[in-house]
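# Observations on chain architecture
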Amino acid sequence: MKPSLFGYHAPKTLAEAVAILASDADAAVLAGGQSLLPAMNFRVAAPSTLVDIQHVAGLKGITIKDGAITVRAMTRHREFELDADARQANPLVAEVMQHVAHVPIRNRGTVVGSLCHADPSAEVPLLLVLLGGSVVAQGPQGTREIETEDFFQGFMTTARRADEIIVEARFPLLPAGAGWAFDEVTRRHGDFALVGVGCVVALDAQSKVQTIQLAACGIADRPARLKEAEALLAGSSLTPADLDAAANASLSAVSGSDDMHASASYRRRALKALIKRMVIKAAERAHAGALT
Amino acid sequence: MKRMIKPSIPEHSDDPRVTVTLTVNGEAVSRTVSVRMLLSDFLRHELGLTGTHVGCEHGVCGCCTVHIDGKAGRSCLTLAVQANGADIRTIESVADADGALHPVQQAFKECHALQCGFCTPGMVMNIVNRFDEPGPLDLTDDGIRDMLSGNLCRCTGYINIIAAVRRAAELMGRA
Amino acid sequence: MSTRSFGARIERNIDPKLLRGEGAFVDDIPLANPLHVAFLRSPHARARITSIDVTAAKARPGVVAVYTCDDIGPLDMTMPLLIPHPSMKNPQTQRPLARGEVHYVGQTIAMVVAVDRYTAEDGAGLIDVEFEPLPVEMDMAKALKDGAPLVHATVPNNLAAHLVQVSGAPDDAFARAEHVTRITVQVDRSTAAPMECRAVAARWDAVAGELTVWDGTQAPISVRGGLASIFGLDEDKVRVIAPDVGGGFGQKVLLFYPDELLVPMAAIQLGRPVKYIEDRRENFLGSSQERTQIHSIELAAMKNGEVIGLRDSFLHDTGAFIPYGIAVAQVASTSIAGPYRIPNIWVEFKAVYTPTVQVTPYRGCGRPQACFALERAMDQLAEELGLDRFDVRRRNLVGEHQFPYEREGLLFADGLKVTLDSGQYDKALTMAAEALGAKDFAAAQAKARSEGKYLGLGLACYVEGTGLGPYEGGHVRVHPITGKVYVNTGLSTQGQGHDTVFAQIVADQMGVKPEDVIVVEGDTKAFDWGVATFASRAAVVSGNAIHKAAITVRKKTIVAAANMLEVTEDEIELRDSAAWVKGSNRFVPLAAIATASNPLRYAFNEAAQAATQFAPASRHDGPPLADGEAPGLEATEYYSPSASTWAYGVHGAIVEVDPDLCKVTIKKYICVHDCGNMINPTIVEGQVMGGIAQGIGGALYERLDYQPDGNLANASLMDFLVPYATEIPPVSVLHLETPTPLNPLGVKGVGEAGCIAVGAVVASGVEDALKSFGKIKFHHVPLTPTMISDALESVGR
C-alpha cells in the first residue's frame, strides 16, 4: 500500500505555505501525518501536492493566555497531553488526550491536525466543542478566528478553506471550582469512540447546577453539544429523575445509522449511560458555591 | 527453457527524487530517493536495516516503530523526506555493538515474549522509549497493558510480553 | 551436564537474533536488483470480464511487464485441488489470473512487475478492465436454493460438498430420549491475520537452470514439488526456502496462491529476481479466511443429563473455491461430540460456495465451530433439565477406563475413525472447577448483583485430534569439526520454537547442551522428505522422527566410542559433548568420534588429531567401512503415525458485563490442557496463550464484514479488530500430562489448543452474567456490544 505520486514542499514561513495551498486546489497540509498517511497509503487520498508545515516558523508551542490554552499547529498530541500548565489549566486535557489512539501516534499526530481531519468519533474535536473553543485560520487574505460551532460543518468537513492553514486552536480554561469528566466506549483500547461524552459543571451554593456543558462524539456527523440536556439540567439538583430526563432528551442527537461497530440503538443506550455517569462524576469534582 | 531476450529495465522509476539527509543510529546519512518513499522502506531497503518490519502500512500494528527525534513513532506513516534533518533510531541500535542484549531484549528472551519475532522490534522500540521517558513507570498489569497497546502481536497472546516489561524494569532498576 | 533437557523450560536458541532485528523474513533477504510485483484485483464479487486494456500500464516508465491470463502460457490453469474427497462433486479451484469472470472481491486479474512496488501499484491502477457485474448471494441458506445466483455456472445450488456421517444408531437414540435440546448457533468469518503478510521471492539461475524461491510458507517441500512439476523442472533444480516466517496459523499452508506460481514465472522470464510482498489490504482480500458455519444441533438426553445421541446439520462457507477440500468441515464434523461418550451421532454438512475469499484452515480448523455448537448445546441442556453445567459434563465425559474410545463411522482427517486414545477428562474438569472457584461462584455472583454488577462463569471442554501423518523425517548428524549436532526435518517454523524443542529431544540422546544442537529446517536443500507444519503435528511427527534418528546416532556414537576407548558399550555414557567411560575421567569428544567415524579423513584439525590418539572407531577385519555401514555419526529416520493422537482440555472464565455500555470484561481466564508429555512447557504455554488470544479475538472482536454486494467492508486492521494487550485478560494455563501410548515420546500436538473453546466460554459466561434480565441466549460469535444491546432490548431492558 504505497502512496501515489505528489509534489512535496517544506516551506519555512507561513506565507510560503499559504501561497502553495492557494496555487493548488488539490494540495494537502502535512503536519503529523497520522491521519493523512494512512489514507494516502490506501490511495483513498491522493493529494497532488503536500505542504509539510513542520519547519514553518512560529507553529510550535502551548501558551495559556486570554482564558484559553493556545495550541499552535505543530504541537503534537503527546506534548499537549503532558504539558504541566495545560493540564493544570484544564484537567480535561489529560483526561481526554489519554484516549487518543496510542502513544506512538500521539508522539507524531497534532492537535490541530485532528481538528482539521474532523472525524466525528475523534476525541480532540469533542474537547473543543465541549469547551466552546475556537481555531485561528491563516489564508492569503489574512487571519480569522472561527468559533467551534461554525468550524465543524459536517462529516469530516470544516470551515477551513482550501487555501487556509489552521495555525492554532484555543481551548478555554476550566472555570475555577467547576467539575469535569470525560469517558468513551470503544471496541478496543485506543480505537475511535463509539460514543464519547464530556461534561463541565459548576454548582451553586446549594449544590444545584449553575452552569453545565455537555457534548458527545461518535453519535452524529460531527461532535455535538447536547443543548437540550444542558437546558434540562440547568438549576437542577441532579436527581436520578433529572439525569434520566436529560439522557432521554439527548437521544435525538444520535443521527447516525447502524455501522459495523455499533448500531444506532446501541449508541443511544451507551449515550444515555455515559451522560449520567459523566454528569455525576463531574458534579463530584465540582466545588459547591465556587462560582459565586 | 527457451532463453528470452533480456528486457531493458531502468535503474529506478521516474518519480521526482529528493535528497534526504538525516542521522540514523548515530550515523550521518544522505541519500537520494523517490519523494514518496516511506521512511519504513527507506530504512529497510535504502539503508538495509531490515530489523524494522512492515505489518500494515496504516499505523495500527506498530511493527514499524522506530524513534524519530527521540520519540517512538510509526515509520510507515512517515515519509522519508519528512525525516530530513531528523535523528532516527532503529532496533539495530538497541543491543550493544558486540551483540550483548539490552535489558529489554534480555527480558523478552527470559520471559518467552516472542515467537515468530515479526512484531518484536516494534515492541522493543516502543517499550525502550517509554522507559526513556522520565518519571515513575506504571508497572501494574493494566499499566503495562496500556504501554503495550498500539503494538499487535498475533503469536504470544501478550501475557509473556507483560511479564517481560516487568522483568525489564527490574533489570533496569526501574521497578 | 546431567540435567534432562526434554521437559525443561529452556530459553529459545533463536531469540537473540530475532530480538536484535537480525531475522531474515522474505522481504529482508537481499536480492540483487529485484523487481517488484503488484496485482490488479477484482472490485466485484461476481462479474464477467469483457475486456482488459493494459496499454497504459505497460507504457508507465518503470513498469517492466504486465501479465493477464493470456500471457502466462501453461500457468493459465486451475490450480491443484490438494485433498480430493468423494463428497465434492465438481470441486472448483481458481486460476492464477482470472479468465473471463471473477468470483470474489480481491481475485487476481493481472500482475504488474515494476522497478519498485510504488510503480507497480501505479501500473495496476492504470489497467482498464470492463466488467459486467453479476448478481450475488451472500447468505448460505439462500445460496443453496434453486434460482440463487451461482458462484460457478457448473455447480448447481452452490453446493460444493455434502457429507453425512453416522456413528451408532442416532435415530433409535432420539426415539428413546427423555429430553431433546435444540439450538442453532453461528460462528462468523475471521482470518489468521499473521503480523507478516504473505511473501514470495524468486531467483532464476539461467546458467545452472536452477530456481530458488523464498516463500513465507508452512509447506516448503510441497511447494517445491508443485513448482517442479508445474514448471517441468527436475526437483533437484528447484529449491524452496521458508526463511523466518512471521506467523502462519494455517493461512500459509495453502498452496498455491497465484503469486507462488507467477512470481517464479516472472523471474524466469525476466532474468531478474522478482518479489511479491503482500500488503495488509491484499492479505484481507486474497489470503485464506475461515470460520463461517451455522450449526443446527440437537442433543438427545435422559433426564439425568446423559446424552445418548446427537444430530448436527451445518452449513459451511467455503468461499469461492475449495482448494483444500473439505478439511475444515470434516474436522468440525468429527469433533462434534467433543470429549463426551455420546455413542450415537448423525452429523451432516453442506459446504456452500459464496463469492468471497476461499476458505482453508485457520488455527483450529473447524474445531472452534464444533466446540461452540456442542458446548452451547450442553449449557442449554443443563438449563432445560435444571442441572448444573459441570455435572452434566461430568456425567458424559469419556472415562479413563474407556480409552481407546472409538467413534465408528466418523472419519477424521487421517482417514481413520475417530479414536480418542488417552486422557484424564474428569480430572481436567475438576481442576478447571477449582481454578474458577466454581463452588463459591453462585454466592459471588449474587453479591455482585446486589452491588449492581453482573458476573458470569463460562465453561467449555474440547478435544483436538493431533499429530496427523502421513509422516515426517528427521536427520541427525554430528559435525566432525565442531562436535555440534545438526538436525534437519521437512518442516518450517513460524514462531513455534522448533529450533529449541527439537534440540531438546536430541540434546538428551547425545549428551550435549541444547544450544549445541543446530536445527535447520524450512529448506528443501537441507531436507526434502516431508509434508508441512500444520494441524498441531510438528512435535508429534517430526519430534518422533528426530527422536528415532537421534537414538540411531547415539547408538553409533556409543559403539564407536567404545571401540576408541577400548571398553564395552555398557561402560560408555554421553554427556558434555563427549563420550565418557563411566566412573572415570577418560573421554573422547564427539567431534573426534565423528571424525574417526569417517575413516577417509586426514588429521587436519584438533578433532582429527584427537581421533588418532584412540583406537579406530570401528574394530573389525575387512575394509575400513564395512558393508552396510555409513561414514560419520549420522542417521535419517522417519515416523509415520498409525493414527492421530487426541489432546483435550477444559477452559473457563469469569466475565463481567456492563449492561449499559454492553462491554464484556474477562476478569479471569483459565485453561486446563493436556497435550501429553511436554518437551518445553514454556513453549507449550506460549502456544496455548497465543491460541487463547486468537480465540478471544473470535469471541468478541473479529468478524470479516462482507456486504450484501460481496464487498469486504473491513479489509484493514483499523476495522478488523485484532486484540491488543489491553483486550487480553490474565490467563492461567494449568497442565495435565497424560502421555499418549501412540508414540515413543508420549507427546500430543498443542499448536491449536488455545483457540478451540474460547468462543463457547465467553458466550457461556456472558449468558450467565445476564440471565437475571430474562431469557437471553448468546449463540453467535463474535459477541459484539450491539448484539448484547439487542438481546437486552428483546427482554425489555
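Scoring rules and cut-offs
- Residues numbered from 1 in each chain as written.
- Chains lettered and ligands numbered in written order.
- Predicted model: local features only at pLDDT ≥ 70, side-chain atom pairs only at ≥ 80, totals over all residues.
- Helix = DSSP H or I, 4+ residues; strand = E, 2+ residues; numbered from the N terminus.
- Rg over C-alpha atoms; globule rule 2.2 N^0.38 Å.
- Buried ≥ 20, exposed ≤ 12 C-beta atoms within 10 Å, placed from the backbone.
- Contact = placed C-beta atoms within 7 Å.
- Pairing = 2+ DSSP bridges.
- Axes fitted to C-alpha atoms, helices over the stretch in contact; angles between N-to-C directions.
- Domains from an automatic or database assignment.
- Nonpolar A, V, L, I, M, F, W, Y, C, P; charged D, E, K, R; others polar.
- Core = buried A, V, L, I, M, F, W, Y, C linked by C-beta atoms within 7 Å.

The subject of this paragraph is the overall build of chain C. When its secondary structure is counted, chain C shows 20 helices and 31 strands. Computed over C-alpha atoms, the radius of gyration of chain C comes to 28 Å, within 12% of the 28 Å expected from 2.2 N^0.38 for 797 residues, which places it in the range of a compact globule. When the backbone C-alpha atoms are referred to their principal axes, chain C occupies close to 90 × 70 × 50 Å. Residues classed as buried in chain C amount to 62% of the 797 residues present. For chain C, contacts bridging at least 24 residues in sequence account for 80% of all contacts bridging at least 6.

With that settled, consider the sheet that holds strand β21 (residues 472-478) of chain C. Residue and element names in this part refer to chain C. The strand order across the open sheet formed by four strands is β23-β22-β21-β27, and the pairing between neighbours is mixed. Unpaired on one side and paired on the other, β23 (517-521) and β27 (634-639) mark the two borders of the sheet. Ignoring which end each strand starts from, the neighbouring axes of this sheet average 20° apart. As paired strands, β21 and β27 are joined by six bridges and run antiparallel to one another. Residue pairing for β27: V476 is matched across the bridge by A635. Contacts from helix α15 (residues 538-565) reach β21, β22 (485-489) and β27 within the one sheet, and its direction differs from that of β21 by about 35°.

Take the domain arrangement of chain C next. Residue and element names in this part refer to chain C. Each assigned domain of chain C is listed with its residue range as follows: domain 1 (31-134 + 196-246 + 252-286), domain 2 (289-468 + 642-794) and domain 3 (469-639). One C-alpha centre belongs to domain 1, the other to domain 3; they are set 41 Å apart. Listed as interface residues are 15 residues of domain 1 and, on the opposing side, 13 residues of domain 3. Among the secondary structure elements, those contributing two or more residues to the side of domain 1 that touches domain 3 are α6 (220-231) and β12 (238-241). With four residues, α6 is the largest single contributor of residues to the side of domain 1 that touches domain 3.

Time to look at the environment of R272(C). Structurally, R272(C) is set in the loop between α7 (258-270) and β13 (274-277). Separated by 70 residues in the primary sequence, R272(C) and A202(C) have C-alpha atoms spaced 8.7 Å apart. Apart from the residues lying within four places of it in its own chain, the contact partners of R272(C) are I9(B), N33(C), P34(C), L35(C) and A267(C).

Tallying the contact residues gives 56 residues for chain C and 58 residues for chain B. At the level of secondary structure, the elements contributing two or more residues to the side of chain C that touches chain B comprise α1 (15-19), α3 (117-125), α7 and α18 (681-701) of chain C. In terms of residue count, α18(C) provides more of the side of chain C that touches chain B than any other element does, seven residues in total. Here the residues of the side of chain C that touches chain B sort into 28 nonpolar, 17 polar and eleven charged.

Further remarks concern the sheet that holds strand β2 (residues 27-30) of chain A. All names here are of chain A. Taking strand neighbours across the sheet as the criterion, the three strands line up as β1-β3-β2 in an open arrangement whose pairing is parallel. Two strands close off the open sheet at either side, each with one partner strand: β1 (7-9) and β2. Adjacent strand axes in the sheet meet at a mean angle of 20°, parallel and antiparallel pairs treated alike. Pairing of β1 with strand β3 (residues 49-52) involves three bridges; the strand directions are parallel. Across the sheet, residue H9 finds its bridge partner in β3, namely V51. Each of β1, β2 and β3 is contacted by helix α1 (residues 14-23), which is oriented at about 165° to β3, the strand it contacts most.

If you look at the biggest cluster of nonpolar residues, it comprises 422 residues, and the most contacted ones within it are V201(A), V112(C), V506(C) and I593(C). With 14 residues, α15(C) is the largest single contributor of residues to this core. Contacts of V201(A), omitting those with residues within four sequence positions, involve A178(A), G179(A), V209(A), I212(A), V279(A), A282(A), A283(A) and A286(A).

By the bridge criterion, four bridges tie β2(A) to β3(A) in an arrangement that is parallel. Each residue of the ladder has a partner; that of L30(A), found in β3(A), is D52(A).

In this assembly, 21 residues from chain A lie in contact with 20 residues from chain B. Of all the elements in the fold, those that place two or more residues in the side of chain A that touches chain B are α2 (36-41) and α6 (103-108) of chain A. Tallying contributions element by element places α6(A) first for the side of chain A that touches chain B, with five residues.

Within helix α20 (residues 785-794) of chain C, burial applies to P785(C), T786(C), I788(C), S789(C), A791(C) and L792(C). Next to the buried residues of α20(C) lie α12 (264-285) of chain A together with β28 (645-658) and β29 (663-674) of chain C. After α20(C) finishes, the residue G796(C) shows a positive phi value of roughly 80°.

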